[in-house]
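Chain residues, written in single-letter form:
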Amino acid sequence: MKRVLKSIAEHFIRPSIVFESVPPFADNTKPVYDEMVRRGYDRKYNLIWYISEDECATIKNGNINYWNPRSRKTLKEKIRNYSYYMRTKCIICCNTYITSSGTHKITDGKGQISFYLTHGTPMKSVRAYYSAPEGTDYGLSPAPSMNHLMSYEFDIPLDHIFAAGFPRNDVFAKNNPHLNQVFQWNYNKVIVWYPTYRQNKNRSVNLSGSSMPLIHDEKNAELLNETAQKNNVLIVIKPHFAQDVSLIRKMNYSNLMLINDEFYKENNITSYEFLAGTDALITDYSSVYFDYTLADRPIAVIWEDIDEYRENPGFALDLNHYLKGAEKIYQIEELCDFVTAVANGEDKLCEERRSIRDEVNYANDGLNAKRTADFIADLTKL
């Protein structure tokens, strides 16, 4: 009887807070979740992660409550789904909402408030094909100077944009171990390469003619590997999770390492903890550029296919201004020069990069998750 009463209390009396990210337990949502657990909200609310049915089968963490509303195989699941639908107080997401259609709030008119934390500051224009989910109440911005951009690109009213800094970036304010310490490597430098999304693995969208800039050419890949090997540098390549990596997967070079989201799970490290332990970043038209300015380390941006991106989808801001803190790379030789410069401890654009860092980030104080949780708690009376 005690177990039955406890179950009823947890599922029907206690309100729920629903979290979502892709991949699960990541991005801007996870640090907010951790902050709420730290505050003891899990003793007052059901803190629940929305995940897909496929992900349900792979998650082994028994300490985290997760839920897929489309799963109704047992009476217990049906009762739990109904209780979550009726008792959800707020939704905190980076992608979609928790309904059969994936667009609306769980139940309309029940006082739920939805918070869209986004994937990051859009460098490419996303308004035409990727706005905030329907029913969004509030959207997060990395800094007051970016509020208008976030409002326009994600189609959220400007007065419902709140600037607190991205919670995932709190890691850059910590004393992070170098990846050599984490993985017992012995490289002079470790450079991470986060290319932007180009070609969907399901062939639904192609934004560029190449799946990987510059090193889609085998000779270029060999030259880059030789340069990295000569300087005892490891280049870790992490494509976008939706990227077609069939070509990249064929690479087999000593100093070029290809990883995916499973790598982080297997090594119990988040993608941003990984970023914070590197010596430099290679990227292109990705929001990770803005985030990595907080690391205060060299950045290179590949501009090989910039004309294709100018045509479609276009850019959301002035690249010449915002990318002045990164070295622009058009040819493989320039990329090799960047790798050599990093190996030698050179940082040519540090002052320009710091200027952009201060413009596009709220602060580097490690309190973004706290500010975001404060904002949510105030509005939802947690």
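Remember, it's a predicted structure, so these values are computed and weren't measured experimentally.

Q: Whenever I open this one, the overall build of the chain confuses me. Can you help?
A: A count of helices and strands for the chain gives 15 helices and 13 strands. Buried residues in the chain amount to 55% of all 382 residues. When contacts within the chain are restricted to residue pairs at least 6 apart in sequence, those whose partners lie at least 24 apart make up 67%.

Q: Looking at this structure, how should I read the pairing of strand β1 (residues 16–19)?
A: For a regular strand, side-chain orientation follows a simple rule: the groups alternate between the two sheet faces. Burial along β1 is two-sided: the face carrying Ser16 and Val18 and the face carrying Ile17 and Phe19 are both buried. With 4 bridges joining them, β1 and strand β2 (residues 46–50) adopt parallel strand pairing. Following the sheet pairing, Ile17 is matched in β2 by Leu47. As a crossover connection, the stretch from β1 through helix α2 (residues 29–38) into β2 is right-handed. With 4 bridges joining them, β1 and strand β4 (residues 88–93) adopt parallel strand pairing. Looking at β4, one finds that Ser16 is bridged to Thr88.

Q: What should I look at first to understand the environment of Val360 in this one?
A: Among the structural elements, Val360 can be located in helix α14 (residues 350–360). Among the residues examined, Val360 registers a relative accessible area of 0% and is labelled buried. Sequence separation of Val360 and Pro142 is 218 residues, and the distance between their C-alpha atoms is 6.5 Å. Other than its neighbours up to four places away in sequence, Val360 contacts Pro142, Ala143, Ser145, Met146, Phe290 and Tyr322.

Q: Explanation requested: the side chain of Arg371 in the structure shown.
A: Counting through the fold element by element, Arg371 comes out in helix α15 (residues 368–380). In terms of polar contacts, Arg371 uses its side chain to reach the side chain of Asp365, at 3.0 Å. For Arg371, the contacting residues outside a window of four places in its chain are Ala164, Tyr362, Ala363 and Asp365.

Q: Help me out: how do you make sense of the sheet that holds strand β7 (residues 161–163) in this one?
A: The pairing of strands in a sheet happens through backbone hydrogen bonds and is either parallel or antiparallel. Ordered by their spatial adjacency, 7 strands build an open sheet running β3-β2-β1-β4-β5-β6-β7, and the pairing between neighbours is parallel. Of all the strands in the sheet, the pair left with one neighbour each is β3 (65–67) and β7. Direction aside, neighbouring strands of the sheet carry axes that sit 25° apart on average. By the bridge criterion, 4 bridges tie β4 to strand β5 (residues 113–116) in an arrangement that is parallel. From the neighbouring strand, Cys93 faces β5, where its bridge partner is Tyr116. Strands in contact with α2 are β1, β2 and β4; relative to β2, the strand with the most contacts, it is inclined by about 165°. Sheet contacts for helix α5 (residues 147–154): β5, β6 (138–141) and β7; angle to β7, the most-contacted strand, approximately 145°.

Q: How should α5 be read in this particular structure?
A: Each full turn of the α-helix corresponds to 3.6 residues, which orients residues three or four apart in the same direction. Here α5 lies mainly inside the structure; 6 of its 8 residues are buried. Every buried residue belonging to α5 is among Asn147, Leu149, Met150, Ser151, Glu153 and Phe154, and all of these are buried. Tucked inside the fold, the buried residues of α5 contact β5, β6 and β7. Positive backbone phi, approximately 55°, marks Asp155, located one or two places after α5.

Q: Would you take a moment to explain the sheet that holds strand β8 (residues 189–193) for this structure?
A: What the 6 strands build is an open sheet, ordered β10-β9-β8-β11-β12-β13; its pairing is parallel. Two strands close off the open sheet at either side, each with one partner strand: β10 (256–258) and β13 (327–329). Adjacent strand axes in the sheet meet at a mean angle of 25° when their direction is disregarded.

Q: I would appreciate a short explanation of the packing of helix α7 (residues 218–230) against helix α13 (residues 332–343) in the present structure.
A: In helix packing, the relevant descriptors are the interaxial angle and the interaxial distance, both defined with respect to the helix axes. Where α7 contacts α13, the two axes come as close as 9 Å, and the packing angle between them is 15°. When the interaxial angle is binned, α7 and α13 end up roughly parallel. Here the hand of the crossing between α7 and α13 comes out right-handed. Touching Asn220, Leu223, Leu224, Thr227 and Ala228 of α7 are Ile332, Glu333, Leu335, Cys336, Val339 and Thr340, all from α13. When grouped by side-chain class, the residues that make up the contact of α7 with α13 number 7 nonpolar, 3 polar and 1 charged.

Q: What exactly am I supposed to notice about unusual backbone geometry here?
A: Peptide bonds are mostly trans, and most non-glycine residues show a negative phi. Following Val22, the chain continues into Pro23 via a peptide bond in cis, with omega recorded as -5°. Examined against the element boundaries, Pro23 turns out to sit in the loop between β1 and α2. Although it is not a glycine, Asp27 sits at a positive phi angle of roughly 55°. Considering the arrangement of structural elements, one finds Asp27 in the loop between β1 and α2.

Q: When you look at a negative patch on the surface in this model, what are you seeing that I'm missing?
A: A surface patch of like charges, here negative, comprises Asp217, Glu218, Glu222 and Glu226. Summarising the element assignment, Asp217 is placed in the loop between β8 and α7. What makes Asp217 partly exposed here is its relative accessible area of 32%.

Q: When you look at the confidence of the model for the chain in this model, what are you seeing that I'm missing?
A: Keep in mind that low pLDDT regions are not for reading the predicted coordinates in detail. A residue-level look at the chain finds 79% of positions with pLDDT of 70 or above and a mean pLDDT of 84. Contacts of residues 99–104 to residues separated by more than four positions or lying in other chains number 17 contacts, the stretch itself having pLDDT below 50. In the predicted structure, residues 199–209 sits below a pLDDT of 50 and forms 33 contacts with residues beyond four places in sequence or in another chain.

Q: Please explain α14 as it appears in this structure.
A: For α14, the full list of buried residues reads Cys350, Arg353, Ile356, Arg357 and Val360. Buried residues of α14, seen end-on, are gathered within an arc of 125° and therefore sit on one face of the element. Opposite the packed face of α14, turned more than 90 degrees from it, sit the exposed residues Glu351 and Asp358. Against the buried residues of α14 lie α10 (288–292), β12 (299–302) and α12 (319–322).

Definitions and limits used
Residues numbered from 1 in each chain as written. Predicted model: local features only at pLDDT ≥ 70, side-chain atom pairs only at ≥ 80, totals over all residues. Heavy atoms only, no water. Helix = DSSP H or I, 4+ residues; strand = E, 2+ residues; numbered from the N terminus. Buried < 20%, exposed > 50% of the residue type's maximum accessible area, 1.4 Å probe, protein only. Contact = heavy atoms within 4.5 Å. Pairing = 2+ DSSP bridges. Right-handed = clockwise from strand over helix to strand, strands pointing away. Polar contact = N/O pair within 3.5 Å; in protein donor to acceptor, adjacent residues only side chain to side chain. Axes fitted to C-alpha atoms, helices over the stretch in contact; angles between N-to-C directions. Parallel < 35°, antiparallel > 145°, perpendicular 65-115°, else oblique. Left-handed = near helix turned anticlockwise from the far one by under 90°. Nonpolar A, V, L, I, M, F, W, Y, C, P; charged D, E, K, R; others polar. Patch = residues over 30% accessible without salt bridge, like charges linked within 9 Å, V, L, I, M, F, W, Y side chains within 5 Å. Areas by Shrake-Rupley, 256 points an atom, 1.4 Å probe, with all protein chains shown as cover. Salt bridge = Lys/Arg side-chain N within 4 Å of Asp/Glu carboxyl O. Lys, Arg positive; Asp, Glu negative; His and termini not counted. Charge placed at Lys NZ, Arg CZ, Asp CG, Glu CD. pLDDT = per-residue confidence, 0-100. Arc of directions from axis to C-beta.

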